[in-house]
Amino acid sequence: MDRRGFFKLLGIVGSIPLLGKFAHSAPPKLGFKDLKKESQINVVYHADFGDPQRFTTMLRNIRNHLFVYDNDPTKIKIVIVAHGPGVKFFMKDLTGSPWEKENLDPKIGEDLRDLNLYGVDPLICEITLTRLKLDPNKLYDFCKIVPSGVGAIGELQAKGYAYIKVQ
């Protein structure tokens, strides 16, 4: 290997830690103006609860909801707005959070990722992240952060989204 090749290789290898830093950046932040009606049918599911069984029921309902529209994201747009304890289901790592001693089923994350492939967008409350000192880098990469969870729900309803909360 000549000297130029050596320095090229050194530059590539040296940049790997830097690339890793960018690959794990926090999810994008949206403003309320970014929330738009995207389809003929638009639905917001409200997740402000910490019960895993209730959350998996909500995910099943979302899958069923998508199914009746042929799993076609051009026919239906679904968003999940999470705040308070509901945020924990969107975290890859619970260390340093109020829920760090909980063992969540990893299938929840897989299910969320699968739903995201069908256009389901999780919107996470920035107020909750700040209040609970949660690291936004620990959120799944397909999440988006909104200024306020309840504010986002109000905005979405004002823009024609139907509201659903699983009991």
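This one's a predicted model, so the numbers in the text were calculated from it and none came from an experiment.

Q: If you had to explain the sheet that holds strand β3 (residues 121–125) to someone new, which residues and values would you point to?
A: Pairing is parallel in the open sheet, where 5 strands are placed in the order β4-β3-β2-β1-β5. With partners counted over all chains shown, the strands left at the sheet margins are β4 (144–146) and β5 (162–164), one partner each. Between one strand and the next, the sheet's axes are offset by a mean angle of 30 degrees, whatever the strand orientation. In this sheet, β4 lies alongside β3 in parallel orientation, the contact comprising 3 bridges.

Q: Explain helix α5 (residues 149–158) residue by residue, including any values.
A: Listing the buried residues of α5 in full gives G149, A152, I153 and L156. Here the buried residues of α5 occupy an arc of 100 degrees about the axis, which is enough to place them on one side. Exposed side of α5, more than 90 degrees from the buried face: V150 and A158 are the residues found there. For α5, the N-terminal cap is S148; the gap from its side-chain oxygen to the backbone nitrogen of G151 is 3.0 Å. Looking one or two residues beyond α5, the residue adopting positive phi is G160, at roughly 100 degrees.

Q: Can you explain the pairing of strand β2 (residues 76–82)? Please cite residues and give values.
A: Most of β2 is tucked away: 7 of the 7 residues are buried. Burial along β2 is two-sided: I76, I78, I80 and A82 and K77, V79 and V81, pointing in opposite directions, are all buried. Bridge count for strand β1 (residues 41–47) against β2 is 7 bridges, and the pairing is parallel. Bridge pairing in β2 places V43 opposite I78. Handedness of the β-α-β unit built from β1, helix α2 (residues 52–67) and β2 comes out right-handed. In this sheet, β3 lies alongside β2 in parallel orientation, the contact comprising 4 bridges. In the sheet register, V81 faces β3, and the bridge partner there is L123. Each parallel crossover has a hand, and for β2 linked through helix α3 (residues 106–117) to β3 it is right-handed.

The rules behind each value
- What you see as residue numbers is a count from 1 along each chain, following the sequence as written.
- With the structure being a predicted model, the display of local features is reserved for residues of pLDDT at least 70 and the display and counting of side-chain atom pairs for 80 or more, all residues being used for whole-chain, interface and lining totals.
- Side-chain figures throughout are based on the complete set of non-hydrogen atoms in the structure, without hydrogens or water.
- Pairing between two strands requires that DSSP report at least two bridges joining them.
- By definition, any uninterrupted DSSP run of H or I lasting at least four residues is a helix, any uninterrupted run of E lasting at least two residues is a strand, and each is numbered from the N terminus.
- Axes here mean lines fitted to C-alpha atoms, for a helix over just the part in contact, with angles spanning 0 to 180 degrees between N-to-C directions.
- Accessibility here uses a 1.4 Å probe with only protein chains present; expressed as a share of the type maximum, an area under 20% marks a residue as buried, one over 50% as exposed, and anything in between as partly exposed.
- Working definition: the arc comes from the directions between the helix axis and the C-beta atoms, pointing outward to the latter.
- Think of a polar contact as two N or O atoms within 3.5 Å of one another; within protein, one of them needs to be a possible hydrogen donor and the other a possible acceptor, and neighboring residues in sequence only count if both atoms come from side chains.
- Whether a crossover is right-handed comes down to one check: with the strands pointing away from the viewer, does the path from the first strand over the helix to the second run clockwise; if it does, it is right-handed.

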